[in-house]
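So you can see what is in the structure, the chains are spelled out below.
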Amino acid sequence: MVNVVPVNLGARAYEVRIGAGLLVQIGAQIAPLLRRKRVVIVTDEVVARLHLATALQGLAEAGIAAETLTLPPGEATKGWPQFTRTVEWLLEQKVERRDIVVALGGGVVGDLVGFACAVLRRGVRFVQVPTSLLAQVDSSVGGKTGINSVQGKNLIGAFHQPSLVLADIGVLDTLPPRDLLAGYGEVVKYGLLGDAAFFDYLETQGPALARHDRDVILRAVTRSVEMKAGIVERDETEEGERALLNLGHTFCHALEQATGYSDRLLHGEGVAIGCALAFELSQRLGLCSQEAPSRVRAHLRAMGMKTDLADIPGDLPGAEALVTLMGQDKKVIDGKLRFILARGIGDAFVADDVPPAMVTQLLQDALHR
Ligand code: GLY
(Lines give C-alpha, C1' and ligand atoms only; values in the text may rest on other atoms or scores of the structure.)
Protein backbone atom coordinates (compact mmCIF):
# COMPACT_ATOMS: atom_id res chain seq x y z
CA MET A 1 0.00 0.00 0.00
CA VAL A 2 1.30 3.44 -0.93
CA ASN A 3 0.00 6.56 0.81
CA VAL A 4 0.31 9.79 -1.14
CA VAL A 5 0.53 13.11 0.69
CA PRO A 6 0.39 16.15 -1.58
CA VAL A 7 2.38 19.24 -0.67
CA ASN A 8 0.29 21.98 -2.28
CA LEU A 9 2.69 24.78 -3.08
CA GLY A 10 1.35 26.02 -6.39
CA ALA A 11 4.07 25.88 -9.05
CA ARG A 12 6.34 24.07 -6.57
CA ALA A 13 3.76 21.40 -5.58
CA TYR A 14 4.89 17.80 -5.22
CA GLU A 15 3.90 14.49 -3.71
CA VAL A 16 5.33 12.51 -0.83
CA ARG A 17 4.74 8.83 -1.57
CA ILE A 18 5.04 6.54 1.43
CA GLY A 19 5.06 2.73 1.34
CA ALA A 20 7.13 -0.43 1.43
CA GLY A 21 8.99 -1.38 -1.75
CA LEU A 22 9.10 2.06 -3.38
CA LEU A 23 12.88 1.98 -3.86
CA VAL A 24 12.82 -0.88 -6.33
CA GLN A 25 10.08 1.01 -8.22
CA ILE A 26 12.13 4.20 -8.34
CA GLY A 27 12.48 4.13 -12.13
CA ALA A 28 8.74 3.89 -12.74
CA GLN A 29 8.07 6.43 -9.99
CA ILE A 30 10.33 9.15 -11.38
CA ALA A 31 10.12 8.40 -15.12
CA PRO A 32 7.24 10.89 -15.63
CA LEU A 33 9.49 13.68 -14.29
CA LEU A 34 12.37 13.00 -16.68
CA ARG A 35 13.07 14.82 -19.94
CA ARG A 36 15.84 12.32 -20.79
CA LYS A 37 16.36 8.82 -19.45
CA ARG A 38 19.27 9.67 -17.20
CA VAL A 39 19.66 10.65 -13.56
CA VAL A 40 22.51 11.21 -11.16
CA ILE A 41 22.41 9.86 -7.62
CA VAL A 42 24.20 11.24 -4.59
CA THR A 43 24.36 8.95 -1.57
CA ASP A 44 26.71 7.97 1.25
CA GLU A 45 28.86 4.90 1.79
CA VAL A 46 26.59 3.22 4.33
CA VAL A 47 23.41 3.75 2.32
CA ALA A 48 25.19 2.77 -0.90
CA ARG A 49 26.16 -0.58 0.62
CA LEU A 50 22.60 -1.28 1.73
CA HIS A 51 20.38 0.24 -0.95
CA LEU A 52 22.23 1.51 -4.04
CA ALA A 53 21.99 -1.80 -5.94
CA THR A 54 18.19 -1.82 -5.43
CA ALA A 55 17.90 1.77 -6.66
CA LEU A 56 20.08 1.09 -9.71
CA GLN A 57 18.04 -2.04 -10.50
CA GLY A 58 14.82 -0.02 -10.25
CA LEU A 59 16.20 2.62 -12.59
CA ALA A 60 17.55 0.06 -15.06
CA GLU A 61 14.16 -1.67 -15.19
CA ALA A 62 12.72 1.61 -16.45
CA GLY A 63 15.61 2.06 -18.91
CA ILE A 64 17.08 4.98 -16.95
CA ALA A 65 20.88 5.38 -16.91
CA ALA A 66 22.50 6.55 -13.65
CA GLU A 67 25.82 7.85 -12.38
CA THR A 68 26.53 7.87 -8.64
CA LEU A 69 28.56 10.00 -6.25
CA THR A 70 29.14 8.36 -2.87
CA LEU A 71 30.01 10.65 0.03
CA PRO A 72 31.43 9.70 3.44
CA PRO A 73 28.70 9.06 6.03
CA GLY A 74 28.07 11.29 9.04
CA GLU A 75 27.29 14.86 10.03
CA ALA A 76 30.85 16.03 9.18
CA THR A 77 29.94 15.55 5.50
CA LYS A 78 27.46 18.43 5.76
CA GLY A 79 30.04 21.19 5.33
CA TRP A 80 31.78 23.19 2.60
CA PRO A 81 34.34 20.53 1.45
CA GLN A 82 31.80 17.81 0.53
CA PHE A 83 29.35 20.45 -0.68
CA THR A 84 31.93 21.85 -3.12
CA ARG A 85 32.84 18.34 -4.20
CA THR A 86 29.17 17.55 -4.89
CA VAL A 87 28.49 20.73 -6.87
CA GLU A 88 31.63 20.26 -8.99
CA TRP A 89 30.74 16.60 -9.61
CA LEU A 90 27.22 17.56 -10.70
CA LEU A 91 28.76 20.05 -13.13
CA GLU A 92 31.20 17.42 -14.42
CA GLN A 93 28.19 15.17 -15.00
CA LYS A 94 26.73 17.99 -17.09
CA VAL A 95 23.53 18.02 -15.05
CA GLU A 96 21.15 20.48 -16.66
CA ARG A 97 18.28 22.44 -15.13
CA ARG A 98 15.73 20.07 -16.63
CA ASP A 99 17.47 16.97 -15.20
CA ILE A 100 16.72 15.24 -11.92
CA VAL A 101 19.23 14.66 -9.13
CA VAL A 102 18.38 11.85 -6.69
CA ALA A 103 19.31 12.34 -3.02
CA LEU A 104 19.46 8.79 -1.63
CA GLY A 105 20.13 8.82 2.11
CA GLY A 106 19.32 10.35 5.47
CA GLY A 107 19.12 13.97 6.53
CA VAL A 108 22.77 14.76 5.82
CA VAL A 109 22.60 13.66 2.18
CA GLY A 110 19.14 15.19 1.67
CA ASP A 111 20.08 18.58 3.10
CA LEU A 112 23.43 18.79 1.30
CA VAL A 113 22.15 17.59 -2.08
CA GLY A 114 19.09 19.83 -1.83
CA PHE A 115 21.31 22.84 -1.23
CA ALA A 116 23.64 21.82 -4.08
CA CYS A 117 20.58 21.64 -6.36
CA ALA A 118 19.34 25.03 -5.09
CA VAL A 119 22.52 26.78 -6.24
CA LEU A 120 23.54 24.66 -9.24
CA ARG A 121 22.66 26.63 -12.39
CA ARG A 122 20.41 28.69 -10.06
CA GLY A 123 18.16 25.72 -9.42
CA VAL A 124 18.03 22.11 -10.54
CA ARG A 125 15.20 19.69 -9.76
CA PHE A 126 15.79 16.88 -7.29
CA VAL A 127 14.02 13.88 -5.79
CA GLN A 128 14.40 13.01 -2.14
CA VAL A 129 14.65 9.28 -1.35
CA PRO A 130 14.98 9.40 2.44
CA THR A 131 16.37 6.25 4.06
CA SER A 132 16.13 7.15 7.76
CA LEU A 133 12.96 7.63 9.80
CA LEU A 134 14.08 11.15 10.67
CA ALA A 135 14.50 12.07 7.03
CA GLN A 136 11.18 10.45 6.04
CA VAL A 137 9.13 12.36 8.61
CA ASP A 138 10.97 15.65 8.62
CA SER A 139 14.02 16.71 6.65
CA SER A 140 13.06 15.37 3.20
CA VAL A 141 9.77 17.31 3.20
CA GLY A 142 9.38 21.08 3.09
CA GLY A 143 12.39 22.31 1.13
CA LYS A 144 14.79 23.31 3.88
CA THR A 145 18.25 22.56 2.53
CA GLY A 146 21.70 23.47 3.74
CA ILE A 147 25.00 22.70 5.38
CA ASN A 148 26.65 23.44 8.71
CA SER A 149 29.05 26.27 9.52
CA VAL A 150 31.74 26.11 12.19
CA GLN A 151 29.48 28.67 13.90
CA GLY A 152 26.53 26.31 14.09
CA LYS A 153 24.27 23.82 12.42
CA ASN A 154 22.27 24.54 9.24
CA LEU A 155 23.40 28.17 9.17
CA ILE A 156 24.09 28.11 5.41
CA GLY A 157 21.21 27.10 3.19
CA ALA A 158 18.23 27.83 1.00
CA PHE A 159 14.60 26.90 0.58
CA HIS A 160 14.42 24.59 -2.42
CA GLN A 161 11.51 22.17 -2.72
CA PRO A 162 12.05 18.68 -4.14
CA SER A 163 10.02 17.53 -7.14
CA LEU A 164 9.04 14.28 -5.41
CA VAL A 165 9.72 12.44 -2.16
CA LEU A 166 9.81 8.63 -2.17
CA ALA A 167 9.71 7.31 1.40
CA ASP A 168 10.20 3.54 1.25
CA ILE A 169 9.37 2.39 4.78
CA GLY A 170 10.85 -1.03 3.94
CA VAL A 171 14.37 0.43 4.03
CA LEU A 172 13.84 1.33 7.69
CA ASP A 173 14.29 -2.39 8.46
CA THR A 174 18.06 -1.90 8.03
CA LEU A 175 18.25 1.02 10.51
CA PRO A 176 20.07 0.39 13.78
CA PRO A 177 17.56 0.54 16.68
CA ARG A 178 19.21 3.70 18.03
CA ASP A 179 18.69 5.52 14.71
CA LEU A 180 15.07 4.35 14.45
CA LEU A 181 14.34 5.64 17.97
CA ALA A 182 16.12 8.92 17.25
CA GLY A 183 13.85 9.43 14.23
CA TYR A 184 10.92 8.53 16.43
CA GLY A 185 11.78 11.63 18.51
CA GLU A 186 10.62 13.72 15.52
CA VAL A 187 7.45 11.60 15.15
CA VAL A 188 6.53 12.23 18.80
CA LYS A 189 7.18 15.93 18.16
CA TYR A 190 4.26 16.08 15.68
CA GLY A 191 1.81 14.67 18.22
CA LEU A 192 3.08 17.05 20.87
CA LEU A 193 2.94 20.16 18.71
CA GLY A 194 -0.43 19.73 17.08
CA ASP A 195 -2.28 16.41 17.34
CA ALA A 196 -3.13 15.06 20.79
CA ALA A 197 -4.93 12.05 19.30
CA PHE A 198 -1.76 11.13 17.39
CA PHE A 199 0.22 11.30 20.64
CA ASP A 200 -2.41 9.01 22.28
CA TYR A 201 -1.90 6.60 19.37
CA LEU A 202 1.88 6.70 19.76
CA GLU A 203 1.60 6.05 23.50
CA THR A 204 -0.03 2.70 22.72
CA GLN A 205 1.56 1.85 19.35
CA GLY A 206 5.09 3.27 19.77
CA PRO A 207 6.49 -0.08 20.98
CA ALA A 208 5.08 -1.80 17.85
CA LEU A 209 6.77 0.85 15.71
CA ALA A 210 10.08 0.10 17.44
CA ARG A 211 9.53 -3.57 16.51
CA HIS A 212 9.19 -2.45 12.87
CA ASP A 213 5.47 -3.12 12.59
CA ARG A 214 4.84 -1.96 9.01
CA ASP A 215 1.23 -0.84 9.57
CA VAL A 216 2.22 1.34 12.51
CA ILE A 217 5.23 2.76 10.68
CA LEU A 218 3.11 3.55 7.62
CA ARG A 219 0.51 5.32 9.74
CA ALA A 220 3.08 7.20 11.84
CA VAL A 221 5.14 8.37 8.84
CA THR A 222 2.00 9.33 6.91
CA ARG A 223 0.48 11.33 9.79
CA SER A 224 3.81 13.08 10.42
CA VAL A 225 4.18 13.99 6.76
CA GLU A 226 0.54 15.16 6.54
CA MET A 227 1.13 17.48 9.46
CA LYS A 228 4.38 18.77 8.05
CA ALA A 229 2.86 19.28 4.59
CA GLY A 230 -0.03 21.27 6.07
CA ILE A 231 2.29 23.55 8.01
CA VAL A 232 4.64 24.04 5.05
CA GLU A 233 1.70 24.85 2.76
CA ARG A 234 0.56 27.58 5.15
CA ASP A 235 4.03 28.95 5.93
CA GLU A 236 6.68 27.78 3.46
CA THR A 237 9.47 30.13 4.56
CA GLU A 238 8.86 30.12 8.31
CA GLU A 239 7.35 33.52 8.83
CA GLY A 240 5.14 32.11 11.60
CA GLU A 241 3.52 28.69 12.06
CA ARG A 242 6.40 26.67 10.61
CA ALA A 243 8.46 27.56 13.68
CA LEU A 244 6.26 25.07 15.58
CA LEU A 245 8.25 22.32 13.86
CA ASN A 246 11.16 23.49 16.00
CA LEU A 247 9.54 22.21 19.19
CA GLY A 248 12.41 20.97 21.36
CA HIS A 249 15.00 22.29 18.91
CA THR A 250 16.29 25.33 20.82
CA PHE A 251 17.38 23.01 23.63
CA CYS A 252 18.46 20.35 21.13
CA HIS A 253 20.78 22.63 19.14
CA ALA A 254 22.53 23.82 22.31
CA LEU A 255 22.99 20.22 23.45
CA GLU A 256 24.27 19.16 20.03
CA GLN A 257 26.79 22.00 20.07
CA ALA A 258 27.84 21.13 23.62
CA THR A 259 28.45 17.52 22.59
CA GLY A 260 30.27 18.50 19.38
CA TYR A 261 27.63 16.97 17.04
CA SER A 262 29.09 13.63 18.04
CA ASP A 263 27.81 10.14 18.66
CA ARG A 264 27.06 11.21 22.24
CA LEU A 265 23.78 12.72 21.07
CA LEU A 266 21.93 12.09 17.81
CA HIS A 267 19.72 14.91 16.53
CA GLY A 268 16.45 13.06 17.16
CA GLU A 269 17.61 12.18 20.67
CA GLY A 270 18.25 15.86 21.32
CA VAL A 271 14.77 16.67 19.97
CA ALA A 272 13.20 14.18 22.39
CA ILE A 273 15.08 15.62 25.38
CA GLY A 274 14.30 19.12 24.10
CA CYS A 275 10.57 18.33 23.89
CA ALA A 276 10.60 17.07 27.48
CA LEU A 277 12.36 20.28 28.56
CA ALA A 278 9.99 22.49 26.55
CA PHE A 279 6.98 20.91 28.27
CA GLU A 280 8.62 21.28 31.67
CA LEU A 281 9.32 24.94 30.91
CA SER A 282 5.70 25.40 29.83
CA GLN A 283 4.51 23.88 33.09
CA ARG A 284 6.85 26.10 35.15
CA LEU A 285 5.47 29.13 33.31
CA GLY A 286 1.97 28.06 34.30
CA LEU A 287 0.94 27.37 30.71
CA CYS A 288 0.09 23.70 31.08
CA SER A 289 -0.69 21.21 33.82
CA GLN A 290 1.92 18.95 35.44
CA GLU A 291 0.28 16.01 33.66
CA ALA A 292 1.57 17.10 30.23
CA PRO A 293 5.36 16.99 30.92
CA SER A 294 4.86 13.84 32.97
CA ARG A 295 3.19 12.08 30.04
CA VAL A 296 5.91 13.24 27.64
CA ARG A 297 8.69 11.93 29.87
CA ALA A 298 6.83 8.70 30.66
CA HIS A 299 6.38 7.91 26.97
CA LEU A 300 10.01 8.63 26.07
CA ARG A 301 11.13 6.47 29.00
CA ALA A 302 8.74 3.65 28.02
CA MET A 303 10.28 3.69 24.54
CA GLY A 304 13.79 3.39 26.03
CA MET A 305 14.73 6.81 24.67
CA LYS A 306 17.02 9.45 26.07
CA THR A 307 14.76 11.68 28.18
CA ASP A 308 16.96 13.59 30.62
CA LEU A 309 20.28 15.44 30.40
CA ALA A 310 21.76 12.66 32.55
CA ASP A 311 21.10 10.23 29.66
CA ILE A 312 23.75 12.03 27.57
CA PRO A 313 27.11 10.33 28.21
CA GLY A 314 30.03 12.52 29.36
CA ASP A 315 30.08 15.96 30.93
CA LEU A 316 27.90 18.86 29.83
CA PRO A 317 28.69 22.55 30.32
CA GLY A 318 26.76 24.45 32.99
CA ALA A 319 23.30 25.91 32.55
CA GLU A 320 24.52 29.41 31.69
CA ALA A 321 26.90 28.09 29.03
CA LEU A 322 24.03 26.11 27.49
CA VAL A 323 21.85 29.23 27.38
CA THR A 324 24.72 31.09 25.68
CA LEU A 325 24.89 28.33 23.05
CA MET A 326 21.19 28.88 22.37
CA GLY A 327 22.06 32.46 21.36
CA GLN A 328 23.56 31.16 18.10
CA ASP A 329 20.33 29.46 17.11
CA LYS A 330 18.71 30.53 13.82
CA LYS A 331 15.53 31.17 15.78
CA VAL A 332 17.10 34.10 17.62
CA ILE A 333 15.29 37.31 16.63
CA ASP A 334 16.60 40.70 17.80
CA GLY A 335 18.85 38.79 20.19
CA LYS A 336 15.81 37.25 21.98
CA LEU A 337 15.58 33.51 22.56
CA ARG A 338 12.60 31.94 20.94
CA PHE A 339 10.98 28.83 22.34
CA ILE A 340 8.13 26.65 21.26
CA LEU A 341 5.98 26.20 24.34
CA ALA A 342 2.72 24.33 24.89
CA ARG A 343 -0.65 24.86 26.54
CA GLY A 344 -1.01 21.09 26.59
CA ILE A 345 -0.24 18.04 24.48
CA GLY A 346 -1.03 18.89 20.86
CA ASP A 347 -1.23 22.65 21.49
CA ALA A 348 2.13 24.34 20.89
CA PHE A 349 2.82 27.99 20.18
CA VAL A 350 5.79 30.31 19.60
CA ALA A 351 7.00 32.36 22.59
CA ASP A 352 9.51 35.20 22.26
CA ASP A 353 9.25 36.46 25.80
CA VAL A 354 10.63 33.65 27.97
CA PRO A 355 12.74 35.12 30.78
CA PRO A 356 16.30 33.75 30.30
CA ALA A 357 16.58 33.26 34.08
CA MET A 358 13.73 30.71 33.91
CA VAL A 359 15.58 28.77 31.24
CA THR A 360 18.83 28.85 33.22
CA GLN A 361 17.02 27.62 36.34
CA LEU A 362 15.28 24.85 34.39
CA LEU A 363 18.62 23.65 32.98
CA GLN A 364 20.33 23.89 36.37
CA ASP A 365 17.65 21.65 37.86
CA ALA A 366 17.79 19.29 34.86
CA LEU A 367 21.59 19.02 35.15
CA HIS A 368 21.34 18.02 38.80
CA ARG A 369 18.51 15.51 38.55
N1 GLY B 1 12.71 20.70 10.34
C2 GLY B 1 11.97 21.87 10.55
C3 GLY B 1 11.36 22.42 9.30
O4 GLY B 1 11.42 21.79 8.28
O5 GLY B 1 10.83 23.50 9.32
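Just so you know, these numbers come straight off a predicted model, no measurement behind them. (Residues numbered from 1 in each chain as written. Predicted model: local features only at pLDDT ≥ 70, side-chain atom pairs only at ≥ 80, totals over all residues. Heavy atoms only, no water.)

Participant: Explanation requested: the overall build of the protein in the structure shown.
Facilitator: Secondary structure summary: the protein contains 13 helices and eleven strands in total. Along the first, second and third principal axes, the C-alpha set of the protein runs to 60 × 40 × 40 Å. Residue pairs in contact within the protein that sit at least 24 positions apart in sequence constitute 75% of those at least 6 positions apart. Per element, the accessible surface of the protein, about 14400 Å² overall, is 51% carbon and sulfur. Here the protein holds 38 positive side-chain charges and 43 negative ones, and the gap between their average locations is 5 Å. (Helix = DSSP H or I, 4+ residues; strand = E, 2+ residues; numbered from the N terminus. Contact = heavy atoms within 4.5 Å. Areas by Shrake-Rupley, 256 points an atom, 1.4 Å probe, with all protein chains shown as cover. Lys, Arg positive; Asp, Glu negative; His and termini not counted. Charge placed at Lys NZ, Arg CZ, Asp CG, Glu CD.)

Participant: Explain the nonpolar core here, please?
Facilitator: Soluble globular proteins: nonpolar side chains tend toward being buried together. Core analysis: the largest hydrophobic core is formed by 83 residues, its most contacted members being Leu-133, Phe-251 and Leu-363. Top element by residues in this core is helix α8 (residues 214-234). It accounts for ten residues. Not counting chain neighbours up to four residues away, the residues in contact with Leu-363 comprise Phe-251, Leu-277, Leu-309, Ala-319, Leu-322, Val-323 and Met-326. Within the second largest apolar cluster, 23 residues are counted, among which are Leu-69, Leu-90, Ala-103 and Ala-118. (Core = buried A, V, L, I, M, F, W, Y, C linked by side-chain atoms within 4.5 Å. Buried < 20%, exposed > 50% of the residue type's maximum accessible area, 1.4 Å probe, protein only.)

Participant: Please clarify how the packing of aromatic side chains should be interpreted in this entry.
Facilitator: By convention here, two paired aromatic rings are described through the distance between centres and the angle between planes. This model, assessed by the stated rule, comprises four aromatic pairs. With a centroid separation of 5.8 Å and an interplanar angle of 75°, the aromatic rings of Trp-80 and Phe-83 are classed as edge-to-face. With Trp-80 and Phe-83 both in helix α3 (residues 80-92) and three residues apart, the pair spans about one turn of that helix. Judged by its relative accessible area of 46%, Trp-80 falls in the partly exposed class. Seen in terms of ring centroids, Phe-251 and Phe-339 are 5.2 Å apart; in terms of plane orientation they differ by 45°. Their pairing is tilted. Placement of Phe-251 in helix α9 (residues 249-258) and of Phe-339 in strand β10 (residues 339-344) is noted, with a sequence separation of 88 residues between them. In this structure, Phe-251 and Phe-339 share a single accessibility class: buried. Members of the aromatic cluster, each reached through a chain of ring pairs, are Trp-80, Phe-83 and Phe-115. (Phe/Tyr/Trp six-rings, centres within 6.5 Å; stacked < 30°, edge-to-face > 60°.)

Participant: Quick question: what am I supposed to make of the pattern of salt bridges here?
Facilitator: Working definition: two side chains of opposite charge can pair if their charged atoms are close together. Summed over the entire model, instances satisfying the criterion amount to 29 salt bridges. Put simply, Arg-234 and Glu-241 hold a salt bridge, and the shortest N to O gap is 2.8 Å. Arg-234 sits in the exposed class, given a relative accessible area of 56%. Taking the shortest distance from any N to any O, the salt bridge between Asp-352 and Arg-338 comes out at 2.9 Å. Taken together, the positions of Asp-352 in the loop between β11 (347-351) and α13 (356-367) and Arg-338 in the loop between α12 (319-326) and β10 put the pair 14 residues apart, joining distant regions of the chain. Each of the salt bridges in this network shares a partner with another, and the network as a whole consists of Glu-280, Arg-284, Arg-297, Arg-301, Asp-308, Asp-311, Asp-365 and Arg-369. (Salt bridge = Lys/Arg side-chain N within 4 Å of Asp/Glu carboxyl O.)

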